[in-house]
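The primary structure of each chain is shown beneath.
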Amino acid sequence: MLKKILEKNPYQLLATAAFVDLFILCVCWEWFISPLRPGGSWLILKGIPLLFAIPGLWKGKVYTMQWASMLILLYITEGLVRILETGANFWMAVLETTLATTGFVCLLIYLKPIKQEAKSLAKKKAQAK
């Protein structure tokens, strides 16, 4: 099992780990660390979109990585907005921004050579016509 994991691209692994960690952070933050209302809030649901991306990221599906790279921008934005709060919310926002930015950058690095290859194939097909 460990060998199978080590065969994956490190950026793919880092992006997947960032999404999993971000999901855990979102749930814990809004459930019991510092919820908007005592006992938790409906903001806990903000982690659900991350769950749809995680299996595709783990499998290395390019389409999933493309839309996940756009999705994660919402979490970067939320983290940057909530970083202005005080106490535990400040540190949770810093962590959210860091995890989301890490995931975003890793996805871009992973997708760059794939996109370049697709462009060169399209260019070759256009020249062949």
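Figured I'd write up the structure that's included with this text. Quick caveat: nothing in here was measured; it's all calculated off a predicted structure. (Residues numbered from 1 in each chain as written. Predicted model: local features only at pLDDT ≥ 70, side-chain atom pairs only at ≥ 80, totals over all residues. Heavy atoms only, no water.)

Each helix and strand counted, the protein has five helices and zero strands in total. When the elements of the protein are put in sequence order from the N terminus, they spell out α-α-α-α-α. Relative to the globule expectation of 14 Å for 129 residues, the C-alpha radius of gyration of the protein, 18 Å, shows a markedly less compact shape. With the C-alpha coordinates aligned to their principal axes, the bounding extent of the protein is approximately 65 × 35 × 20 Å. Looking at the 129 residues of the protein, the share that counts as buried comes to 35%. Nonlocal contacts in the protein, meaning residues at least 24 apart in sequence, comprise 69% of its contacts between residues at least 6 apart. Carbon and sulfur atoms form 71% of the exposed surface of the protein, whose accessible area is close to 8,300 Å². (Helix = DSSP H or I, 4+ residues; strand = E, 2+ residues; numbered from the N terminus. Rg over C-alpha atoms; globule rule 2.2 N^0.38 Å. Buried < 20%, exposed > 50% of the residue type's maximum accessible area, 1.4 Å probe, protein only. Contact = heavy atoms within 4.5 Å. Areas by Shrake-Rupley, 256 points an atom, 1.4 Å probe, with all protein chains shown as cover.)

Running from N to C, helix α3 (residues 48-59) and helix α4 (residues 62-82) point in directions that differ by 145°, and their axes come no closer than 10 Å. Where α3 crosses over α4, the two elements pack in a sense that is left-handed. Within the contact between the two elements, α3 uses Pro-49, Leu-50, Phe-52, Ala-53, Gly-56 and Leu-57 and α4 uses Thr-64, Met-65, Trp-67, Ala-68, Leu-71 and Tyr-75. Residue composition of the contact of α3 with α4, grouped by class: 10 nonpolar, two polar and no charged. (Axes fitted to C-alpha atoms, helices over the stretch in contact; angles between N-to-C directions. Left-handed = near helix turned anticlockwise from the far one by under 90°. Nonpolar A, V, L, I, M, F, W, Y, C, P; charged D, E, K, R; others polar.)

Another aspect to go through is a nonpolar patch on the surface. A grouping of Trp-42, Leu-45, Ile-48, Leu-51 and Phe-52 is seen on the molecular surface, where their side chains present a nonpolar patch of about 590 Å² in accessible area. Tracing the backbone shows Leu-45 in the loop between α2 (10-33) and α3. (Patch = residues over 30% accessible without salt bridge, like charges linked within 9 Å, V, L, I, M, F, W, Y side chains within 5 Å. Salt bridge = Lys/Arg side-chain N within 4 Å of Asp/Glu carboxyl O.)

Enumeration over the complete set of coordinates arrives at two aromatic pairs. Between Phe-90 and Trp-91 the ring centres are 4.8 Å apart and the planes differ by 80°, which places this aromatic pair in the edge-to-face class. Judged by its relative accessible area of 28%, Phe-90 falls in the partly exposed class. With a relative accessible area of 56%, Trp-91 lands in the exposed category. In this structure, Lys-8 is placed above the aromatic ring of Trp-58, and the distance from its NZ or CZ to the ring centre is 4.6 Å. Positioned over the ring face of Trp-29 is Lys-46, at 4.5 Å from the centre of the ring. (Phe/Tyr/Trp six-rings, centres within 6.5 Å; stacked < 30°, edge-to-face > 60°. Lys NZ or Arg CZ within 6 Å of the ring centre and 35° of its normal.)

The terminal C-alpha atoms of helix α5 (residues 88-128) lie 60 Å apart, and with 41 residues this matches the ideal 60 Å at 1.5 Å per residue to within 8%. Check the buried side of α5 and you find it contacts α2, α3 and α4. (Expected span 1.5 Å × (residues − 1).)

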